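Fold and contact review
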Amino acid sequence: MSRRALLGGGGALAALAFGGALAAPRAALAAGGYIYPTSSRRVSDSFADHVARGSVNPGTDYVCPTGTRVVAVKEGTVVGVTNTIGGSGGRMVFIDHPDGSKTDYLHLSSIQVALGAQVAQGQQIALSGGSGNGSETGYGAHLHLSLHVGAGAQHATRGGSVDFEAYVGEGGSGAPGPLRQVYSTNAGASWQSGDTGLLFNPSQLSAVNMGGSWPQLMMTQAGVLYQVYGTSSGWTFGNTGIASNPTSMSAVNMGGSWPNVMSIENSTLFQTVGTSSGWKKLSTGMMLTGQISAVNMGGSWPTVMLAQGGVLYHVYGSTSGWNVASTGIPINGQISAVNMGGTVPQVMAIENGYLYQIWGDASGWHKASTGLNLIGQISAVATGTTWPTVMLDQGGAIYRVWANTSGWHVQPTGISGTGRFSAVYMSGGAPQVLKIG
């Protein structure tokens, strides 16, 4: 595919070019090559604060809502997983790195890696929370990260704790990676991966089918919202002109010429829409935190499923404004919503190492395990069957998960899956995936 920048019409999209080839904004890495573990950079308790009060595991506390994506700050091996809330650190993940250092991730709400897993830098390992001392929320919503270097840094001894802020790159979440399209031309019997020719380093991304021949991708990078799409002459992208630095984001096709984007930013739910005169960002007036996944249920407004404070909520708009209702379903993991033809979305979720299906009917909301022991990133789509199809990034590879009358099944695609991704159905019997790296 050709490398070219989008020349937008009507002032809606501004042209971008970076030195003759598409590249991401600068993401400098300091000594050690560590990246930030979350999209948040705001520190509530510094390393010095922890040392001053005699913390047994000094680190850095990053303020972020429960359900914020947590990634590995460097490649390594998962050498410890604590998936209970009884101890002072709550749910925890420990990673040993090839350079001899070690990182600890504390007070998590959900863990998406298993003991012994090999993880890539920037790979999602968990969702943030406030767990510890027998409570899911007792510590308040944040991520505690400890970095250990030098003698005794490895997991067995837990020595050498240092100030992570002195080692991390400034404001970035890793080096730019290639945007790739993963697809099947024979209904999922085999899979291919193609390079779009674009390099990105997004903090959030969400793919959507706008009725064309290629998926579209909405993404945030360096605090700005971008639109990425393919044409007969290649893949291209443009700046919407919308400042956006959300903790969670989901794009949806509401029947217009541009995707709608739902996002949570500064504890507020926003709706961003494209028009012939440009892009507009509107507050819904809903004060929310957590993880969202948006779908079109056939109305005039997107429907949003929200995982917040350990509960799944249904958020929807009407002529009288936006509304939020509890489904009554406990949720403590990653979610992805999909329209399967009913009056409310279905939700696929990974929680405590298992894949669950959540749906609503006249008698209320229901949650059932698929029986599949899975971890990693998920993205659910409707492919015209009775059950949702889920694309899964687990252990550095992409899998297809689907159901029929005999149960749920997992199929390897043979495509590597490190980095962030989002699935979309473009016809042909199998989803497509847009992924970084």
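All figures in this text were calculated on a predicted structure; none of them were measured in a lab. (Residues numbered from 1 in each chain as written. Predicted model: local features only at pLDDT ≥ 70, side-chain atom pairs only at ≥ 80, totals over all residues. Heavy atoms only, no water.)

Helices and strands together make up the secondary structure of the chain, namely one helix and 34 strands. When burial is assessed residue by residue, the chain has 55% of its 437 residues classed as buried. In the chain, the share of contacts with a sequence separation of at least 24, taken over all contacts with a separation of at least 6, comes to 51%. Summing over all exposed atoms, the chain offers an accessible surface of approximately 16100 Å²; the carbon and sulfur share of this is 51%. (Helix = DSSP H or I, 4+ residues; strand = E, 2+ residues; numbered from the N terminus. Buried < 20%, exposed > 50% of the residue type's maximum accessible area, 1.4 Å probe, protein only. Contact = heavy atoms within 4.5 Å. Areas by Shrake-Rupley, 256 points an atom, 1.4 Å probe, with all protein chains shown as cover.)

What follows covers the sheet that holds strand E23 (residues 311–318). Backbone-to-backbone hydrogen bonds join strands into a sheet, with any given pair of strands oriented parallel or antiparallel. Here we have four strands laid out as an open sheet, ordered E21-E22-E23-E24, and antiparallel in their pairing. Sheet topology places strand E21 (291–295) and strand E24 (321–330) at the edges, where each strand pairs with a single neighbour. The sheet shows a mean angle of 20° between the axes of neighbouring strands, direction not considered. In this sheet, strand E22 (residues 303–308) lies alongside E21 in antiparallel orientation, the contact comprising five bridges. (Pairing = 2+ DSSP bridges. Axes fitted to C-alpha atoms, helices over the stretch in contact; angles between N-to-C directions.)

As paired elements, strand E4 (residues 76–82) and strand E7 (residues 118–119) share two bridges and run antiparallel to each other. Each bridged residue has a counterpart across the sheet, and for Gly76 the counterpart in E7 is Val119. Direction of pairing for E4 relative to strand E5 (residues 91–96): antiparallel, over a ladder of five bridges. If you follow Val78 over to E5, its bridge partner there is Ile95.

Residue position: Gln291 is located in strand E21. Here Gln291 falls in the buried class, since its relative accessible area comes to 10%. Polar contacts involving the side chain of Gln291 include one to the main-chain carbonyl oxygen of Gly333, which spans 3.2 Å. (Polar contact = N/O pair within 3.5 Å; in protein donor to acceptor, adjacent residues only side chain to side chain.)

Looking now at the packing of aromatic side chains. In total, this model carries five aromatic pairs according to the counting rule given. Residues Tyr34 and Tyr167 carry aromatic rings whose centres are separated by 6.2 Å and whose planes lie at 80° to one another, so their mutual orientation is edge-to-face. Of this pair, Tyr34 sits in the segment before strand E1 (43–45) while Tyr167 sits in the loop between strand E10 (161–162) and strand E11 (177–183), and the two are 133 residues apart along the sequence. Aromatic pair Tyr36 and Tyr62: ring centres 6.0 Å apart, planes at 85°, arrangement edge-to-face. Residue Tyr36 is found in the segment before E1, and its partner Tyr62 is found in strand E2 (residues 60–63); the two are separated by 26 residues along the sequence. Accessibility assignment for this pair places Tyr36 and Tyr62 in one class, buried. One aromatic cluster in this structure is built from Tyr34, Phe164 and Tyr167. Above the ring of Phe270, the side-chain terminus of Lys281 is found at 4.8 Å from the ring centroid. Sitting over the face of the ring of Tyr356, Lys367 holds its NZ or CZ atom 4.9 Å from the ring centroid. (Phe/Tyr/Trp six-rings, centres within 6.5 Å; stacked < 30°, edge-to-face > 60°. Lys NZ or Arg CZ within 6 Å of the ring centre and 35° of its normal.)

Its location among the elements puts Leu282 in strand E20 (residues 278–287). In this structure the C-alpha to C-alpha distance between Leu282 and Gln271, which are 11 residues apart in sequence, comes to 5.2 Å. For Leu282, the contacting residues outside a window of four places in its chain are Leu269, Phe270 and Gln271.

The subject of this paragraph is the sheet that holds strand E16 (residues 234–243). Sheet architecture is open: four strands sit in the order E13-E14-E15-E16, paired in antiparallel fashion. Of all strands in the sheet, those with a lone pairing partner are strand E13 (204–208) and E16, marking the two edges. Averaged over all pairs of adjacent strands, the angle between their axes in this sheet comes to 20°, without regard to strand direction. As paired elements, strand E15 (residues 224–231) and E16 share seven bridges and run antiparallel to each other. The residue bridging Thr231 from the neighbouring strand is Gly234, located in E16.

On to the nonpolar core. Within the largest apolar cluster, 27 residues are counted, with the highest numbers of intra-cluster contacts made by Val93, Ile95, Tyr105, Leu108, Ile125 and Phe164. For this core, the secondary structure elements donating two or more residues are strand E3 (69–71), E5, strand E6 (102–111), strand E8 (124–128) and strand E9 (142–148). Counting 15 residues, the second largest nonpolar core, distinct from the first, contains Leu179, Leu198, Leu205 and Tyr226. (Core = buried A, V, L, I, M, F, W, Y, C linked by side-chain atoms within 4.5 Å.)

With that settled, the discussion passes to the confidence of the model for the chain. Here the chain averages 85 in pLDDT, while 89% of its residues score no lower than 70. The low-confidence segment residues 1–31, where pLDDT is below 50, has 75 contacts with residues more than four positions distant or belonging to other chains. (pLDDT = per-residue confidence, 0-100.)

Inspection of every chain in the model, using the stated rule, returns five salt bridges. Linking Asp104 and Lys102 is a salt bridge whose minimum nitrogen-to-oxygen distance equals 2.1 Å. Lys102 sits in the buried class, given a relative accessible area of 0%. Across the salt bridge formed by Glu351 and Lys367, the nearest N and O atoms sit 2.4 Å from each other. Of this pair, Glu351 sits in strand E26 (residues 346–351) while Lys367 sits in strand E28 (residues 364–373), placing them 16 residues apart in sequence. Using a relative accessible area of 8% as the deciding quantity, one classes Glu351 as buried. (Salt bridge = Lys/Arg side-chain N within 4 Å of Asp/Glu carboxyl O.)

Next up on the list: the layout of surface pockets. Taken as a whole, the largest pocket holds about 930 Å³ of empty space. Ser206, Ser250, Ser293, Ser379 and Ser422 are the residues nearest the centre of the largest pocket, which is lined by 43 residues in total. Going through the elements one at a time, E8, E13, strand E17 (248–252), E21, strand E25 (334–338), strand E29 (377–381) and strand E33 (421–424) are the ones with two or more residues in the lining of the largest pocket. Of the residues in the lining of the largest pocket, the class split is 21 nonpolar, 20 polar and two charged. (1 Å grid on protein atoms, 1.4 Å probe; cavity = no way out; pocket = protein on both sides within 12 Å on 5 of 7 lines; lining within 4 Å. Points joined across faces, edges and corners; volume = space filled by probe spheres on them. Nonpolar A, V, L, I, M, F, W, Y, C, P; charged D, E, K, R; others polar.)

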